[in-house]
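The lines below spell out each chain.
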4 protein chains.
Amino acid sequence: MVIYESIIIMIHNRLSLFISANFKARLTRIGLNNARRYSTSDVSLEKFTSLHSATISKKPIYYGISPSDVAKRASVVITMLPSSPHVKDVYLGKDGLIEGLDEQNFFIDSSTIDQSVSKNVALQIINKGARQVDAPVSGGVVGAEAATLTFMVGASTEADFLRSKPYLEFMGKNIVRCGDLGTGQIAKICNNMLLAISMIGVSEAMNLGIKLGIDSQLLANILNTSSGRCWSSDTYNPCPGIMPNVPSSNDYEGGFGNTLIAKDMRLAVNAANEIQATIILGAVAQQIYNSLSKTPGYEKKDFSSIYKWLNERSGNKEN
Amino acid sequence: MVIYESIIIMIHNRLSLFISANFKARLTRIGLNNARRYSTSDVSLEKFTSLHSATISKKPIYYGISPSDVAKRASVVITMLPSSPHVKDVYLGKDGLIEGLDEQNFFIDSSTIDQSVSKNVALQIINKGARQVDAPVSGGVVGAEAATLTFMVGASTEADFLRSKPYLEFMGKNIVRCGDLGTGQIAKICNNMLLAISMIGVSEAMNLGIKLGIDSQLLANILNTSSGRCWSSDTYNPCPGIMPNVPSSNDYEGGFGNTLIAKDMRLAVNAANEIQATIILGAVAQQIYNSLSKTPGYEKKDFSSIYKWLNERSGNKEN
Amino acid sequence: MVIYESIIIMIHNRLSLFISANFKARLTRIGLNNARRYSTSDVSLEKFTSLHSATISKKPIYYGISPSDVAKRASVVITMLPSSPHVKDVYLGKDGLIEGLDEQNFFIDSSTIDQSVSKNVALQIINKGARQVDAPVSGGVVGAEAATLTFMVGASTEADFLRSKPYLEFMGKNIVRCGDLGTGQIAKICNNMLLAISMIGVSEAMNLGIKLGIDSQLLANILNTSSGRCWSSDTYNPCPGIMPNVPSSNDYEGGFGNTLIAKDMRLAVNAANEIQATIILGAVAQQIYNSLSKTPGYEKKDFSSIYKWLNERSGNKEN
Amino acid sequence: MVIYESIIIMIHNRLSLFISANFKARLTRIGLNNARRYSTSDVSLEKFTSLHSATISKKPIYYGISPSDVAKRASVVITMLPSSPHVKDVYLGKDGLIEGLDEQNFFIDSSTIDQSVSKNVALQIINKGARQVDAPVSGGVVGAEAATLTFMVGASTEADFLRSKPYLEFMGKNIVRCGDLGTGQIAKICNNMLLAISMIGVSEAMNLGIKLGIDSQLLANILNTSSGRCWSSDTYNPCPGIMPNVPSSNDYEGGFGNTLIAKDMRLAVNAANEIQATIILGAVAQQIYNSLSKTPGYEKKDFSSIYKWLNERSGNKEN
């Protein structure tokens, strides 16, 4: 019998289990940010639960000894895992969620993974009698802290979507159903592929113009009021000094790392290859971010640091 | 002695001369559109002037027999020519404007050409005693008909910019000074390079998502409210049926042709090469539009037709 | 008890089974070419065996009713299948080879598939007690007919390699051990990725030079005696008329189709993504061949037809 | 009256003049290498001539005070200048060769510059009554020292070609007429564009294979006996340790620098843009070498160092 609602968050290869009899109240207090701070990379689950109950909410936290154990104890399970093999392992592997589920279980997978794997895993879970949706998230650390994340939900029925919504609303502001199973993944990688392309495009255009002698703020203004306008130019400009509170004005610290966008671009290329879709700029952008994520000094920087890379690899008017 | 204000518009290799004692009043009546309709590709200049005075404004129109003759007759001359060699020829060639100018002449070149040529020509003209600004334009045929064009002005003094403004305001809504001579060209090619990249990016993302099974309108909505948002997605979406009044919903007729954006991209690549700036996606986008402008069925289509091209060159979910 | 040696060749989704008590003698008589001519796309297996024994060798041919049945009847099984899912299905699926094997079985998989899948399947087979090598092939239809194919063999022991060699020598001229399991696949995709890049490079260089006015044969000679020399220029020149017996001089018929190289390029990109290797030109070449394989008039052409595509998408000196 | 034959070599912006009554004998003694060693970057022309006559040939060397002066003193003038503006200046500028020429002058321009500039300059010189050919060179420092350079000659008549041949044979082994004026430039940039593409292609293929676990020497052997074979793989392999006497085995010192190939690629892109030829991989290769020529640690390295760059920007099998 499932008695608890639960959240599993696996970050950087470590499985953290949160079980709560009062899920809603707890999520507002824990938040993704606190969860990370108390992740099991630092402490054991036992220590975490005692630490947590002492310092955060004064309420107990429970945990399972394996995904299948969690599925037995919690009706609603939210997972956020780093890659396709992790999801296959936690859901379908030995002692996976699939081994502990019954028809009361509802799984929300917020991992960003291959859309074909996401759909395939969900179909196997649903085939065993439980329900599942994919709900990848965008908005970054800032969005997580402010609970303004966007969740893109793929659900085989509207009922599944509606069931996921109240849980996701504790963490996000926009909860959108994108269609059938897997479409959450598709929407996310399509958006992020376009984002990567736009960010490189803005960086190339800003860098070219500035090197040719135009004032950076003036050029940003022109782009933002012309047909070049985009989120990467008007909200997250990669040129230092244009906007105050973006990574480019803070030495490209924080934000959305080159490693993460490189991973999303791999997923986009994989998805395109599965159906033989042509994505020329997407393919080049993937290679740019793959190399940038391994360039000394750029590994841990925000993805807008492509501007800095281009700036360093360009001559000047006097050349 | 300069007695008239004048406009020279060279479209597709033919020189059309308009001379008017009452320039402002005439421009509002003639408009770029009428000018084109009566271009000298159809009629001789003599016939054009008589035709014009009879049917449009009941007022006489004058013409010069060469650019140098026009410079002698008109104080303010506006040119809009197809490429760098044309500008060099009309301004600096035999019987060019430079041979007829005196210190009262003011030249406004609205051609989109190589920024280095633009600046170099203007410096030679200014060296001879007249004044000149570069003022490339964006906004397309629609903007020209509605007089809502944007002019990006490069001027060596604020006074030159202010002198150009009232003339440009008859044709455009936004008249922006971008800095010194040549910066109008720089701003334009930077914007259009970013535009080309964004348009291809939106097309790749929309095509990928739709082929993977997500609803096109839903995907457009997600992009437009997420970090993929850009002018090409929210104002000029390349996927047919998303927006009613854009070329993609009219079989890619009208708008901004593949040939024209291919030309602007060549200018961007030339400018980057002059200063050895790195523009990876820009270089690929240039090649994409160069090839598209020569692909059967696409030569005369709007630049958003890259979506159609990608769509035809992609498999489907069932593949 | 295994009593026969056998070859399974699956071409275009159809399974053709050849079983022979006298494998070596038969292969020389059947050849890949005859096998294809009598493939089960046209006739039933029963009809095929009777047809075969009557017309080709006067000796009987046997067949199994499933891969597992074949594994039981034949000790040596050669497979050549179109993609990773087919290999997983034939080897590990229901009624797959894995269900019929014993320690006498030796499997030679000549499919070109994902290197990670190839290795993984072989490890599972070996784990069950049989032996397996990967042996993808290059050389095309011409090489198959002339028995001059190259086989790139990945084997976990030298003994496995030596065991495969006599069988492969009936079909090929160069049988090379590339290292451990999976290295046959790696060698093949690395070579073919380089081939795709070189072919596009030669096509771009030849087309550019010819359009600029240099004689095609002269340019080919210069490239072939300079640092641009490569197999695609000196053995398989993509410009019509340079060499007599290559597809470019036969309207790009025959040879190595755009669809096939597009598939190999997908495998290369997949392999690169698995280890996060940067392959910029490889990624662009993949997109070029993906789109070419879906361009009307190019779907079934040889991969050197990229020259024709470029030629049609380029201006001329007079432009 | 022209009394001497002469060679002008401008290297890195400095003009070195050599005048000799006995040109052939002198070239064999001076050689490009000695000329460089005594270039005017170190010593004045006066000092150079006295130094030269004392140490090398015991014969006097003469010099002119300007290009026009050289044209007056020497009938045959060979130039090798770094870029298009230098050629325009030395040939057509103030005190340029054009001001000193008469019908006895024969100019051989071995600079690698824009093919359109090359042709245009030659036509102006010929129009004034002298003769000229373009004769860009390949083979590098090694070829210059060994006098095994290749000269690609563009000449408007066979007679001009034959006149240039004996002079070029003192420096090179292969002297090829490519066609009319400018075709020497075209042949050179087409070859070098293909070379750049092949070198990146070999580097990507070798790096991918090695990272996937195949032995580097084995992989090189396979490529060199398969359809991936090319000069960059079998003569100048970019992977350290494959071949003993190439830059890759000497920390990428010597050879053909990233800056030089980046310049040639700009010429190729310029030429393609002039006639609107599509060169997709060429355009990407240009950007790769533009950025590499400005990447810390790579500015002065051989162009095969792209292998090292890729190697550092790729994960490993264990990732």
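Sequence order as written defines residue numbering, which begins from 1 separately in each chain. Whichever chain is written first is A, and whichever ligand is written first is 1; the rest continue in order. Thresholds applied to this predicted model are a pLDDT of at least 70 for local features of residues and 80 or more for the giving and counting of side-chain atom pairs; totals over whole chains, interfaces and linings are not thresholded and use all residues. Water and hydrogen atoms play no part in the side-chain values, which are based on all heavy atoms of the structure.

(A) Expanded view of the overall build of chain A. Looking only at helices and strands, chain A has 13 helices and eight strands in total. Per-residue burial over chain A gives 62% buried out of 319 residues. Accessibility throughout is a Shrake-Rupley quantity obtained with a 1.4 Å probe, and a residue counts as covered only by protein chains that appear here. By element, 51% of the accessible surface of chain A is carried by carbon and sulfur atoms, the whole surface being about 11500 Å². Here a strand is any run of E in DSSP of at least two residues, a helix any run of H or I of at least four, and the numbering for each starts at the N terminus. The buried label applies to any residue whose accessible area, calculated with a 1.4 Å probe on protein chains only, is under 20% of its type's maximum; exposed applies above 50%, and partly exposed to all values in between.

(B) The arrangement of the nonpolar core in detail. Formed by 220 residues in total, the largest nonpolar core has its most connected members in A:Y289, B:Y289, C:Y289 and D:Y289. Looking at this core, the element that brings in the most residues is helix α8 (residues 183–212) of chain A, giving 16 residues. Every residue in contact with C:Y289, bar those within four places of it in the chain, is listed here: C:A196, C:M199, C:I200, C:N258, C:I261, C:A262, C:F303 and C:I306. Nonpolar cores are built from buried Ala, Val, Leu, Ile, Met, Phe, Trp, Tyr and Cys residues. Side-chain atoms within 4.5 Å join them into one set. Here, residues are in contact when the closest pair of their heavy atoms is within 4.5 Å.

(C) Molecular detail of unusual backbone geometry. The backbone of B:Q276 sits at a positive phi, close to 55°, despite the residue not being glycine. The residue B:Q276 is located in the loop between α12 (258–275) and α13 (280–292) in this model.

(D) Spatial organisation of the relation of the copies chain B and chain A. Alignment of copies: least-squares fit on C-alpha atoms of residues with pLDDT of at least 70 in both copies. The transformation that overlays chain B on chain A combines an axial shift of 0.0 Å with a rotation of 180°, and the residual RMSD is 0.0 Å. One copy is carried onto the other by what is essentially a two-fold rotation axis. Judged by C-alpha distance, B:C230 is the residue of chain B that lies nearest the rotation axis, at 1.9 Å. Both copies present the same face, since 98% of the interface residues in chain B are matched by interface residues at the equivalent positions in chain A.

(E) Main features of the state of the cysteines. The disulfide criterion is simple: two cysteine sulfur atoms within 2.5 Å. Under the definition given, this model contains zero disulfides over all chains. There is no disulfide at B:C178, and the cysteine sulfur nearest it, in B:C190, is 9.9 Å away. Accessibility expressed as a relative area gives 2% for B:C178, which makes it buried. Sulfur of B:C239: no disulfide; nearest cysteine sulfur belongs to A:C190 and is 12 Å away. Judged by relative accessible area, B:C239 falls into the buried class, the value being 4%.

(F) Up close: the interface of chain C and chain D. Contacts between the two partners involve 63 residues from chain C and, on the opposite side, 62 residues from chain D. Put simply, buried area is how much 1.4 Å-probe accessible surface two parts lose in total, over both of them, once they are put together. Surface buried jointly by chain C and chain D totals about 5200 Å² across both partners, of which 68% is contributed by carbon and sulfur atoms. By convention in these notes, a salt bridge is any Lys or Arg side-chain nitrogen within 4 Å of a carboxyl oxygen on Asp or Glu. Viewed at the interface, chain D and chain C are joined by two salt bridges. C:R229 is the salt-bridge partner of D:D234, the closest N and O atoms lying 3.1 Å from each other. Under this definition, polar contacts are N or O atom pairs within 3.5 Å; protein pairs additionally need one hydrogen-donor-capable and one acceptor-capable atom, and for neighbouring residues in sequence, both atoms have to be side-chain atoms. Counting across the chain C and chain D interface gives 24 residue pairs in polar contact (both at pLDDT 80 or more). At the level of secondary structure, the elements contributing two or more residues to the side of chain C that touches chain D comprise β8 (172–179), α9 (183–211), α10 (216–224), α11 (231–234), α12 (258–275), α13 (280–292) and α14 (306–312) of chain C. Considering each element in turn, the side of chain C that touches chain D owes the most residues, 20 residues, to α9(C). Ten residue types, Ala, Val, Leu, Ile, Met, Phe, Trp, Tyr, Cys and Pro, are classed as nonpolar, four, Asp, Glu, Lys and Arg, as charged, and the remainder, Gly among them, as polar. Considering only residue class, the side of chain C that touches chain D consists of 35 nonpolar, 21 polar and seven charged.

(G) Summary view of the interface of chain B and chain A. At the interface, 63 residues of chain B touch 62 residues of chain A. Both sides of the chain B and chain A interface together cover about 5200 Å² of buried area, and 68% of this is carbon and sulfur. Applying the counting criterion to the chain B and chain A interface returns two salt bridges. For the interface between chain B and chain A, the tally reads 24 residue pairs in polar contact (both at pLDDT 80 or more). The greatest single-element share of the side of chain B that touches chain A, amounting to 20 residues, is contributed by helix α9 (residues 183–211) of chain B.

(H) Quick look at the pattern of salt bridges. All names here are of chain A. Applying the stated criterion across every chain yields a total of 31 salt bridges over all chains. Taking the shortest distance from any N to any O, the salt bridge between E312 and R313 comes out at 3.2 Å. Assessed through its relative accessible area of 36%, E312 is described here as partly exposed. Connected through shared salt-bridge partners, D251, E253 and K301 make up one network.

(I) Region of interest: the packing of α8(A) against helix α9 (residues 216–224) of chain A. All names here are of chain A. Where α8 contacts α9, the two axes come as close as 10 Å, and the packing angle between them is 135°. Put simply, α8 runs oblique to α9. In this structure, α8 meets α9 at a crossing whose hand is right-handed. Where α8 abuts α9, its residues A205, M206, G209 and I210 lie against S216, L219, A220 and L223. Partitioned by chemical class, the residues of the contact of α8 with α9 number six nonpolar, two polar and no charged. Angles here are taken between N-to-C directions and fall from 0 to 180 degrees, while the axes themselves are lines fitted to C-alpha atoms, restricted in helices to the stretch in contact. Should an angle fall under 35 degrees it is called roughly parallel, over 145 degrees roughly antiparallel, and 65 to 115 degrees roughly perpendicular, with every other angle called oblique. For any pair of crossing helices, the crossing counts as left-handed if the nearer helix is rotated counterclockwise from the farther one by less than a right angle, and right-handed if it is rotated clockwise.

(J) Quick peek at the environment of B:L267. Residue and element names in this part refer to chain B. Its location among the elements puts L267 in helix α12. C-alpha separation for the pair L267 and I186, spaced 81 residues apart in sequence, amounts to 9.4 Å. Ignoring sequence-local partners within four residues, the contact set of L267 consists of T112, I113, D114 and I189.

(K) Inspection of the pairing of strand β8 (residues 172–179) of chain A at higher detail. In short, DSSP must find at least two bridges between two strands for them to pair. In this structure, strand β7 (residues 149–154) of chain A lies alongside β8(A), joined through six bridges in parallel fashion. Residue pairing in the sheet places A:F151 in a bridge with A:I175 of β8(A).

(L) Structural detail: the side chain of B:D160. Residues and elements named next belong to chain B. Relative to the helices and strands, D160 is located in helix α8 (residues 158–169). On the accessibility criterion, D160 (4% relative accessible area) is buried. Among all residues touching D160, those that are not within four sequence positions of it are F106, R131, Q132, V133 and A155.

(M) Up close: the environment of C:S75. Along the chain, the position of C:S75 falls in strand β3 (residues 74–80). When the C-alpha atoms of C:S75 and C:M199 are compared, they prove to be 41 Å apart, with 124 residues separating the residues in sequence.

(N) Focus on the confidence of the model for chain A. Residue and element names in this part refer to chain A. Across chain A, the average pLDDT comes to 82, with 76% of residues at or above 70. Here pLDDT means the predictor's own confidence in every residue, given as a number from 0 to 100. For residues 1–6, every residue scores under 50 in pLDDT, and the model assigns this stretch 35 contacts once sequence neighbours within four places are set aside. Confidence drops under a pLDDT of 50 for residues 9–43, and excluding neighbours within four residues, the segment shows 88 contacts in the predicted structure. For this predicted complex, the interface score ipTM comes out at 0.87, while the overall pTM is 0.89.

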